[in-house]
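Commentary on secondary and tertiary structure
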Amino acid sequence: MAHRKNVPAPRAFVPSSWFIVLTVMVVIGGAGWLGWLLLDDDPAAPADTAAPVASATPAPADESPTPADESPAPADESPAPADESPAPADESPTPADERTAPVSVLNNSGVVGAARAFSAKVTSTGWTLGGVGNWTGSIPSNTVYYPPGLQAQAELLAADVGIARVRPSVSPMRTDRLTIILSGTQ
């Protein structure tokens, strides 16, 4: 066995710590990018549309105006004659009654499958489902978020599904749809 003394023992390759940290960062970044790519399911959306930036103190959308905000009727209006009946109301749906905006349902509740289950309620009330996923962050209660121009539809959606809180959308929410974030019981 004397001939084995000069043969070096095989050594295992041990990468340096910077290489391990760099590899972990690349894997996490790639997973985040892939998750964003999967949630961003509309490749035809223009690249230059940016999500609105939330202000530090957003105005609540569910408050009604106070009596001081209401202006009195002009004094020069005269009441309609008693023999004329009011014109019949237009029977066509108003834009607020139309359920045309797609709706994304995101789970922030910690209950596995809550967004998928709640999406059935959304579609049963006549809305088109735009996506289901998860949301990370701190949302105090179930909320309907709307991009500019879709507030009336957001309020209709909230009434349809029984959500009391309606707010303007924040980044990185999509600007072409309504977003429901579930954070409590459904």
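Small disclaimer: the values here were computed from a predicted structure and weren't measured.

So, about the nonpolar core. Formed by 20 residues in total, the largest nonpolar core has its most connected members in Val103, Phe118, Val122, Val144, Leu157, Leu178 and Ile180. Breaking this core down by element, the ones donating at least two residues are strand S1 (102-107), helix H2 (114-124), strand S3 (143-146), helix H3 (151-161) and strand S5 (178-182). By residue number, the principal contributor to this core is H3, which donates five residues. Non-local contacts of Val144, meaning those with residues more than four positions away in its chain, are made with Ala154, Leu157, Ala158, Ile163, Arg165, Val166, Arg167, Thr179 and Ile180.

This part is about the pattern of salt bridges. One pass over the full model with this rule turns up three salt bridges. Put simply, Arg99 and Asp160 hold a salt bridge, and the shortest N to O gap is 2.7 Å. Placement of Arg99 in the loop between helix H1 (17-39) and S1 and of Asp160 in helix H3 is noted, with a sequence separation of 61 residues between them. Judged by relative accessible area, which is 30%, Arg99 ranks as partly exposed. The exposure class assigned to Asp160 is partly exposed, which follows from its relative accessible area of 21%. Close ionic contact of Arg174 with Asp176 constitutes a salt bridge, the shortest N to O distance being 3.1 Å. Three or more residues joined by partner-sharing salt bridges are found here, namely Arg174, Asp176 and Arg177.

Taken as a whole, H3 has its buried residues at Gln153, Ala154, Leu156, Leu157, Ala158 and Val161. Residues of H3 that are buried sit in contact with S1, H2, S3, strand S4 (165-168) and S5. Among the residues trailing H3, Gly162 stands out with phi positive, at a value near 80 degrees.

Among the five residues in S5, five count as buried, and that is most of the element. Covered by surrounding structure in S5 are Leu178, Ile180 and Leu182 together with Thr179 and Ile181, the residues of both alternating faces. Two strands pair when backbone bridges link them, and S1 and S5 are joined in this way by five bridges, in the parallel orientation. Its bridge partner being in S5, Asn107 is matched across the sheet by Leu182. By the bridge criterion, three bridges tie S3 to S5 in an arrangement that is antiparallel. Residue pairing in the sheet places Thr143 in a bridge with Ile181 of S5.

Turning our eyes to something else, we now look at the pairing of strand S2 (residues 128-134). Relative to S2, S1 runs parallel, the two sharing six bridges. Bridge pairing links Ser104 to Gly131 in S2. Following the backbone out of S1, through H2 and into the adjacent parallel S2, one traces a crossover that is right-handed.

About the cut-offs
Residues numbered from 1 in each chain as written. Predicted model: local features only at pLDDT ≥ 70, side-chain atom pairs only at ≥ 80, totals over all residues. Heavy atoms only, no water. Core = buried A, V, L, I, M, F, W, Y, C linked by side-chain atoms within 4.5 Å. Buried < 20%, exposed > 50% of the residue type's maximum accessible area, 1.4 Å probe, protein only. Helix = DSSP H or I, 4+ residues; strand = E, 2+ residues; numbered from the N terminus. Contact = heavy atoms within 4.5 Å. Salt bridge = Lys/Arg side-chain N within 4 Å of Asp/Glu carboxyl O. Pairing = 2+ DSSP bridges. Right-handed = clockwise from strand over helix to strand, strands pointing away.

So yeah, pure geometry; function would need other evidence.
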